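Reading the structure
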Amino acid sequence: MVESSKWANFVLSTDTLSGYGLDLIFDLAKSAGFDGIDLATWKSYDAWNEGYVKKLSQKYEIPVTSIQVSSNVNPKELNQALDLCAETGARIININAPSYFSLKTYNFISDNLNNYKKHNKDIRFAIINPSQATYLLPIPKFRFTNLVEIIKKFNADLALDIVNIDEDALEQQLLRKLDKFIPHLSTVYFSDKTRIGQGHVLPGDGTLKLPSILKKLKKGNYKGPISLKVEISKKDLADSDKVLIILKKAVKYFQENFVDITV
């Protein structure tokens, strides 16, 4: 396991292994050396069984650090996420931003988030920025694309998905002011983006300045989870041994570019 308790933990988002059972996901995460699990609940019926998730966490001695809910979140799903937090000890709920015209979901989040925070003071509620998020540009209605407004307008923490940010905004604006965002970051979703714009590829297989981002996070004393969230081809997913090699490669990248560096 990565020895990084002094700093951020490197965790595995379960939607990286879409279609896998939770037992196998926990097993692979442990074998690859991850520090924890970021549980994407809508990807697996097993994820809603609080007792089962807790047993897996104990069996593999790997904690659930955060609960990730869908872009169509409703009161039932958010309450189930709170039940999972109570059972597993997770203290972060990351909400995938609703799609552009999901007015009902948008209104539920914007109208009720403060009330959920008020009644669950030990839980960090965060919104995951959707694709083409920006730093300062005006926010379209029913969207959460503006990183600053997620924090200021909606009074939420930010679960920062690096590849969903406009690349110019990432490199020219966000990186320069990342230290100001760190207190508001619940989770950093970590992956790479190719030259042609394909996102959520394995770190090091794209063109983003990921070592610079990791260095900035460490220098800023970020201690939250850094969650690997990549898309693995169906062909590779069919071979769990190959998947383990892929996951170990990601852990090694994190070790070399975060844990082992000095700032």
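Computed from a predicted model, the values in this text were never measured in an experiment.

1. With respect to the pattern of salt bridges
- Within this structure, the stated rule accounts for 7 salt bridges.
- In this structure, arginine 91 and aspartate 122 form a salt bridge, with 3.3 Å as the shortest nitrogen-oxygen distance. A residue pair is termed long-range when its members are at least 10 positions apart, and arginine 91 in the loop between α3 (75-88) and β4 (92-96) and aspartate 122 in the loop between α4 (103-119) and β5 (124-128) qualify at 31 residues.
- A relative accessible area of 36% means that arginine 91 is categorised as partly exposed.
- The class for aspartate 122 is partly exposed, based on a relative accessible area of 46%.
- Its salt-bridge partner being aspartate 157, residue arginine 124 comes within 2.9 Å of it at the nearest N-O pair. Of the two residues, arginine 124 is situated in strand β5 and aspartate 157 in strand β6 (residues 157-161); the sequence distance between them amounts to 33 residues.

2. Some details on the packing of aromatic side chains
- In this structure the tally under the stated criterion is 11 aromatic pairs.
- Pairing phenylalanine 10 with phenylalanine 190 gives two aromatic rings, centres 6.4 Å apart and planes at 80°, and the pair type is edge-to-face. Of this pair, phenylalanine 10 sits in strand β1 (residues 10-13) while phenylalanine 190 sits in strand β7 (residues 185-190); the two residues are 180 residues apart in sequence, bridging distant segments of the chain.
- Take phenylalanine 190: its relative accessible area is 0%, and that puts it in the buried class.
- Every member of this aromatic cluster is reached through a ring pair, and the members are Phe10, Phe34, Phe190, Tyr253, Phe254 and Phe258.
- The ring of phenylalanine 258 has lysine 218 lying over it, and the distance from NZ or CZ to the ring centre is 5.5 Å.

Conventions used here
- Residues numbered from 1 in each chain as written.
- Predicted model: local features only at pLDDT ≥ 70, side-chain atom pairs only at ≥ 80, totals over all residues.
- Heavy atoms only, no water.
- Salt bridge = Lys/Arg side-chain N within 4 Å of Asp/Glu carboxyl O.
- Helix = DSSP H or I, 4+ residues; strand = E, 2+ residues; numbered from the N terminus.
- Buried < 20%, exposed > 50% of the residue type's maximum accessible area, 1.4 Å probe, protein only.
- Phe/Tyr/Trp six-rings, centres within 6.5 Å; stacked < 30°, edge-to-face > 60°.
- Lys NZ or Arg CZ within 6 Å of the ring centre and 35° of its normal.

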